[in-house]
Amino acid sequence: MEAYDAIVIGAGHNGLVCAAYLLNAGHSVLLLEKRSVPGGAATTEEALPEEAPGFKFNLCAIDHEFIFLGPIIQELQLHKYGLKYLTCDPHTFCPHPDGRYFLAHQSLEQTRTEIARYSARDADKYVEFVNYWSKLMSAIAPFFNAPPQSILGIAGGYKGKNLADVLAIAGSKDKALNFIRTMITAPEDLLNEYFDTELVKAPLARLAAEIGAPPSQKGITAGLMMLAMRHHPGMARPQGGTGALTQALVKLVTAKGGKILTEQMVKEVIVEDRRAVGVRVAGGKEYLAKQGIISNIDVRRLFLQLVAPDAVEPNLREKVDRRITNNNETILKIDCALSEPPRFTAYEREDQEHLIGTVLIADSVAHVEQAHSLATMGEIPDANPSMYLDIPSVLDPTLAPEGKHTLWIEFFAPYQIAGKAGTGLHGTGWTDQLKNQVADKVIDKLADYAPNIKDSMIARRVESPAELGERLGSYKGNYYHLDMGLDQMIFLRPLPEIANYTTPIKNLYLTGAGTHPGGSISGMPGRNCARVFLNRQQPLAKIQQSVSSTWRSLLGLN
Ligand SMILES: Cc1cc2nc3c(=O)[nH]c(=O)nc-3n(C[C@H](O)[C@H](O)[C@H](O)COP(=O)(O)OP(=O)(O)OC[C@H]3O[C@@H](n4cnc5c(N)ncnc54)[C@H](O)[C@@H]3O)c2cc1C
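Residues numbered from 1 in each chain as written. Predicted model: local features only at pLDDT ≥ 70, side-chain atom pairs only at ≥ 80, totals over all residues. Heavy atoms only, no water.

Caption draft 1: Expanded view of the pairing of strand β13 (residues 329–338). Extensive coverage of β13 is indicated by the burial of 10 of its 10 residues. The sheet contact formed by β13 and strand β17 (residues 457–463) spans 6 bridges and is antiparallel. Residue pairing across strands places D335 opposite R461, the latter belonging to β17. (Buried < 20%, exposed > 50% of the residue type's maximum accessible area, 1.4 Å probe, protein only. Helix = DSSP H or I, 4+ residues; strand = E, 2+ residues; numbered from the N terminus. Pairing = 2+ DSSP bridges.)

Caption draft 2: View of the sheet that holds strand β6 (residues 92–95). If you walk across this open sheet you meet the 7 strands as β7-β6-β14-β15-β16-β13-β17, and the pairing is mixed. Among the strands making up the open sheet, the edge pair consists of β7 (101–104) and β17. Ignoring strand direction, the axes of neighbouring strands in this sheet form an average angle of 20°. (Axes fitted to C-alpha atoms, helices over the stretch in contact; angles between N-to-C directions.)

Caption draft 3: How the structure looks around the environment of P214. For P214, the location among the structural elements is in the loop between α9 (198–208) and α10 (225–234). Separated by 115 residues in the primary sequence, P214 and E329 have C-alpha atoms spaced 9.9 Å apart. Leave out the neighbours within four places in its chain, and P214 touches I220, E369, H372 and S373. (Contact = heavy atoms within 4.5 Å.)

Caption draft 4: Molecular detail of the domain arrangement of the protein. By domain assignment, the protein separates into domain 1 (3–42 + 72–83 + 241–325 + 478–553), domain 2 (107–233) and domain 3 (327–476). If you average the C-alpha positions of domain 1 and of domain 2, the two centres end up 29 Å apart. In this assembly, domain 1 packs against domain 2 so that about 1,700 Å² is buried in total across both faces, 61% of it on carbon and sulfur atoms. Between the two partners, domain 1 and domain 2, sit 0 salt bridges. (Domains from an automatic or database assignment. Buried area = accessible area lost by both parts, 1.4 Å probe. Salt bridge = Lys/Arg side-chain N within 4 Å of Asp/Glu carboxyl O.)

Caption draft 5: Local environment of the packing of aromatic side chains. Taken as a whole and assessed by the stated rule, the structure comprises 16 aromatic pairs. Centroid distance F93 to F344: 5.5 Å. Interplanar angle 80°. Geometry classified as edge-to-face. Separated by 251 residues along the polypeptide, F93 in strand β6 and F344 in the loop between β13 and β14 (358–361) bring together distant segments of the chain. Like F93, the residue F344 is buried in the burial classification. Taking 6.4 Å as the distance between ring centres and 80° as the angle between the ring planes, the aromatic pair formed by Y132 and W133 counts as edge-to-face. The class of Y132 is partly exposed, set by a relative accessible area of 22%. The class for W133 is buried, based on a relative accessible area of 1%. Members of the aromatic cluster, connected to one another through ring pairs, are F129, Y132, W133, Y194 and F195. The positively charged end of R100 is found above the aromatic ring belonging to Y118, 5.0 Å away from the centroid. (Phe/Tyr/Trp six-rings, centres within 6.5 Å; stacked < 30°, edge-to-face > 60°. Lys NZ or Arg CZ within 6 Å of the ring centre and 35° of its normal.)

Structural data, given as structure tokens:
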């Protein structure tokens, strides 16, 4: 039977990152991926080979911000494996129904000038808002880049700038209390506190709601980071699409001797005497793991589908089943091949600068609220669709044949449609006819802003929430594996008992979006999990050495 030091279940980008660190430390690693291609929600694929050959689509993630808050790209030297990032500047365009538009550049000053055309007060407040959130990000970034229950690991990440920002955010009683209030309030409340105009509030609410909940929901203000990060460290996309990040990781993993097997659906984790010793894949083949099995899928899928019920203590199994929240909101994904880029009537200039970054269709905070709250209740918010779209080929022409373009649309929709249980794909209510009807309404709405969209359509691919869930394997198609509310973050993700990448089953580890610091393209869960795995293999003397080095760095002696 084949045996490896570590086996990774799933070759999403976090599984690949984790594998890369283990390989760098000299371990043998096998990754088992259920799909025919690695990458999970980080792939770029020629998904319409007959109707639109040569068009490459990002079937899930496209805009990268979080990965720049950590050291993964540099530590793994991913540029050596072909990774090249293209910066999105401007990063956000939101045309308003009254003909005006919001356009944010990476430069705060340029953005202030744009907003000042409509409101001098909001322009100044925008700068204040982004500066506060940028400091907050810098103050908490060391938390993201360390296992959440490793005090030394977190402390070791604090350097001069992060420490100064901690003081700026929480360096007095009033500041600390304001910080707490900021984190537990709702994005909508905070936006109303800062701004007057819908022109500024609506796009910010739309980006905040990317965390997967309506802007009125308390405890999800962390979503507002999405905007601040677009200014600093910035938003970018790999040349060749998000799949180019996966490809760089695949090249690195295989160059270091790692093995990736695709079309290998893991069906069972073999546990003997409360210790994970191997896995069994569809078809019955078994692989042995000498030191550990790392799950790139979340703990609900792992414990409820792959681990025998008696291998997990009943109380914990019940919490995994019933306490972890996974709301009903997911994505109906539309990818289009276009003969020309969309022409937005609100943008009167000749250049295509506004198409470089994200385009948001978000007319007001109430519009965004409907888009997200209806979805969680099982209703399809397609009467007046709000959406997030990109035209990736404007920044990166390699994604489409010369002169042609790709269009990426994310429309939030329910996984389970209310009143349709038991019908459609997996009983969700979604059928081919319904997904296409919804896509038509989304395109109709887009045509109100960019009237050439329908005539420029060469072909389109529509993926319903049920199909997306099937492709990724995630519960209810959750693109972050589990909800990202404050109650499931940091040392509470996925549950307090198992928030440090380990489980009560010896040698069974967790990584991926369902672990700290959560979903999105960051690679941080993969890197943090690798640290925990490697620490467990280290002799005591090496751990003492690393503790002493952390203290030396904190005292400025290194
Ligand atoms: C439509 C969409 C748009 C998004 N847009 C963005 C964006 O613009 N920016 C951003 O930062 N984030 C975005 N995200 C979120 C981001 O893509 C994910 O949070 C992230 O890619 C998760 O990575 P992961 O490695 O943790 O998990 P995954 O990518 O989910 O990887 C898990 C892997 O495990 C495999 N697998 C599952 N079950 C099994 C099994 N039993 N056996 C073997 N293999 C298995 C899966 O096929 C998959 O490859 C988006 C997500 C979606 C769905």
